[in-house]
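Observations on the three-dimensional arrangement
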Amino acid sequence: MKKLFYLTIVFFTVNSIMCFAETFSVSQDTTIIGKLQTHIIKNKESLIEIARHYDLGYNEIVDANPLMDPFVPGDGNKAIIPTFWILPDRPANFQGIIINLSEMRLYYFHKKSKEQLVTTFPIGIGDDGVETPVGKFKISHKIVNPPWYVPESIRKERPELPAVVPPGPENPLGTHAMRLSGLSYLIHGTNRPWAVGRKVTHGCIRLYPEDIPKLFEIVPVGTEVLIVRQPVKVGKIGQDVYIEVHRDDQLKDFDYLKDAMEQLAKKGFLKYVDTFRLYNAVKQKSGIPTSISIKNKEPQILPQDPWL
C-alpha cells in the first residue's frame with residue numbers, strides 16, 4: 001500500500017508497466033498526497049500517452065507543462081508529472097466519492113480493515129452547456145457491460161446513431177457503469193481514452209478503460225457522491241503550506257485570490273504564507289501543489305493584478 005509521500009523528484013520511462021489508480025493511506029488531518037515526478041521523453045511520445053501511463057488527465061499534464069506541444073513535446077525534454085495533489089475539502093470522517101469538476105479528478109475515501117484510504121482517478125466531465133451537475137448523490141446501481149440508450153438530444157445531433165448501442169468496442173460507456181441517484185448521469189468507462197481530462201461528455205463522468213473496473217469493484221451501491229467545484233485547494237505538510245489552483249472557466253468572475261485568502265485564514269495557515277508566492281501561484285494556475293510558505297521575515301505587500 002502506498003503511504004503519504006513528501007515532495008520528491010523521480011525519473012521514469014513510459015516503456016515500463018502502465019500505472020493504475022493511486023491509493024494512499026490517510027488520516028482526517030491529511031491534506032496532501034502523492035509525489036511530484038519528472039519524465040524524460042523518448043521515442044516520440046506525446047503528452048497524451050504519458051498522461052495515461054501515469055494515470056493523469058489531459059488537463060493535468062498540459063497545465064503542468066504549458067510550454068510543451070502536447071503532441072510533439074520533443075525527445076529528450078523533461079516533462080513534469082503532477083502525481084501530487086491537495087485533497088478537496090471533505091466532511092469529518094467522510095466515506096464516499098468526491099468529484100472535483102475544477103480539476104477533473106475523482107477521490108474515493110474508504111476503509112480497509114481499520115486503515116483509512118483514498119483512491120484517486122482522473123476523469124472526463126460535461127462540456128459547456130451540458131455540464132456535470134454539482135450536488136449530493138449516491139450510487140444507485142452498478143452495471144457490467146452496459147448498453148447505451150442514446151438520449152434523444154444526442155440522436156438529434158447524430159441521427160446516424162441507433163436507439164441502443166450494445167456492449168462492445170463502439171459503446172462509449174465502456175465495460176462498467178455506475179448510476180447516480182436522481183439523475184440520468186453515470187460514472188463509466190470509455191472507448192475514447194483521450195477524453196479523460198477534457199470537457200467532452202453530455203454530463204456523465206468518464207474514466208480510463210483500465211481505471212473503471214477497479215473503481216467499480218471497490219465502490220458499493222449506496223456510496224455517497226459529492227460533486228463540487230473547488231478550483232483552489234490549500235494544504236500543509238509540517239509547517240510548509242501549499243496551494244493548488246485550477247483555472248475553471250465555468251466560474252465566471254471568480255476571485256481566486258480572495259478564495260485562497262479565505263481558505264488559508266479559515267484553516268489557520270495564513271500566518272505561514274508568503275503573500276508574493278501566493279500571488280504568483282494564483283496567477284500561474286498550474287494545477288500543481290505549490291509551496292507558498294514564508295522563507296524570510298521581510299514585510300510583505302500583496303500586489304493587485306487584473307489577471308487573477
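Basis of the calculations
Residues numbered from 1 in each chain as written. Predicted model: local features only at pLDDT ≥ 70, side-chain atom pairs only at ≥ 80, totals over all residues. Heavy atoms only, no water. Helix = DSSP H or I, 4+ residues; strand = E, 2+ residues; numbered from the N terminus. Buried < 20%, exposed > 50% of the residue type's maximum accessible area, 1.4 Å probe, protein only. Contact = heavy atoms within 4.5 Å. Phe/Tyr/Trp six-rings, centres within 6.5 Å; stacked < 30°, edge-to-face > 60°. Lys NZ or Arg CZ within 6 Å of the ring centre and 35° of its normal. Pairing = 2+ DSSP bridges. pLDDT = per-residue confidence, 0-100. Axes fitted to C-alpha atoms, helices over the stretch in contact; angles between N-to-C directions. Polar contact = N/O pair within 3.5 Å; in protein donor to acceptor, adjacent residues only side chain to side chain.

A short note on the environment of Val241
If you trace the backbone, Val241 turns up in strand S20 (residues 240–245). You can call Val241 buried: its relative accessible area is 0%. For Val241 and Tyr272, which are 31 residues apart along the polypeptide, the C-alpha to C-alpha distance reads 6.9 Å. If near-sequence neighbours (up to four positions away) are discounted, Val241 is found in contact with Gly235, Lys236, Leu264, Phe269, Tyr272, Val273, Thr290, Ser291, Ile292 and Ser293.

Regarding the packing of aromatic side chains
Under the defined criterion, the tally for this structure stands at 4 aromatic pairs. Here Phe24 and Trp85 contribute two aromatic rings whose centre-to-centre distance is 6.4 Å and whose plane-to-plane angle is 70°, an arrangement assigned as edge-to-face. Linking Phe24 in strand S2 (residues 22–25) with Trp85 in strand S6 (residues 84–86), this pair joins segments that are 61 residues apart in sequence. Comparing Phe24 with Trp85 shows no difference in burial state: the two are buried. Between Phe254 and Tyr256, the aromatic rings sit 4.9 Å apart at their centres with planes inclined by 85°, giving edge-to-face as the arrangement. What makes Tyr256 buried here is its relative accessible area of 6%. The ring of Tyr58 is capped by Arg198, whose NZ or CZ atom sits 3.8 Å from the centre of that ring. It is Lys285 that lies over the ring of Tyr256; its NZ or CZ is 4.5 Å from the centre.

Some details on the sheet that holds strand S17 (residues 205–206)
In spatial order, the strands read S2-S9-S8-S7-S18-S11-S14-S15-S17; together these 9 strands make up an open sheet with mixed pairing. In the strand order of this sheet, the two ends are held by S2 and S17, each with one partner.

Some remarks on the confidence of the model for the protein chain
In this model, the protein chain carries a mean pLDDT of 89, and residues with pLDDT of at least 70 account for 89%. Low pLDDT (under 50) marks residues 1–17, which in the prediction has 50 contacts with non-local residues, meaning those over four places away or in another chain.

What to know about the sheet that holds strand S21 (residues 290–291)
Read across the sheet, 3 strands follow the order S19-S20-S21 without closing on themselves; strand pairing throughout is antiparallel. Across the chains shown, the open sheet's two edge strands, defined by having one partner strand only, are strand S19 (232–237) and S21. Inspection of the sheet shows S19 paired to S20 by 6 bridges, in the antiparallel sense. By the bridge assignment, Lys236 is partnered in S20 with Val241. On the sheet, helix H5 (residues 256–266) packs against S19 and S20 and is oriented at approximately 35° with respect to S19. Together, S20 and S21 form the strand contacts of helix H6 (residues 275–284), whose direction differs from that of S20 by roughly 25°.

Remarks on the side chain of Arg206
In this fold, Arg206 is placed in strand S17. With near-sequence residues (within four places) excluded, Arg206 lies in contact with Pro122, Ile123, Gly124, Pro172, His188, Gly189, Thr190, Arg192, Ala195, Val196, Val200 and Thr201.

Here's the deal with the side chain of Gln37
Tracing the chain through its elements places Gln37 in strand S4 (residues 37–40). Owing to a relative accessible area of 4%, Gln37 belongs among the buried residues under this scheme. Polar contacts involving the side chain of Gln37 include one to the side chain of Thr83, which spans 2.7 Å.

Things to note about the environment of His176
The residue His176 is located in strand S14 (residues 176–180) in this model. Sequence spacing of His176 and Lys142 is 34 residues, and the spatial spacing of their C-alpha atoms is 7.6 Å. In contact with His176, other than residues within four places in its own chain, are Ile143, Val144, Pro146, Ile187, His188, Gly189, Ile212, Pro213 and Phe216. Polar side-chain contacts of His176 include one of 2.6 Å to the side chain of Thr175.

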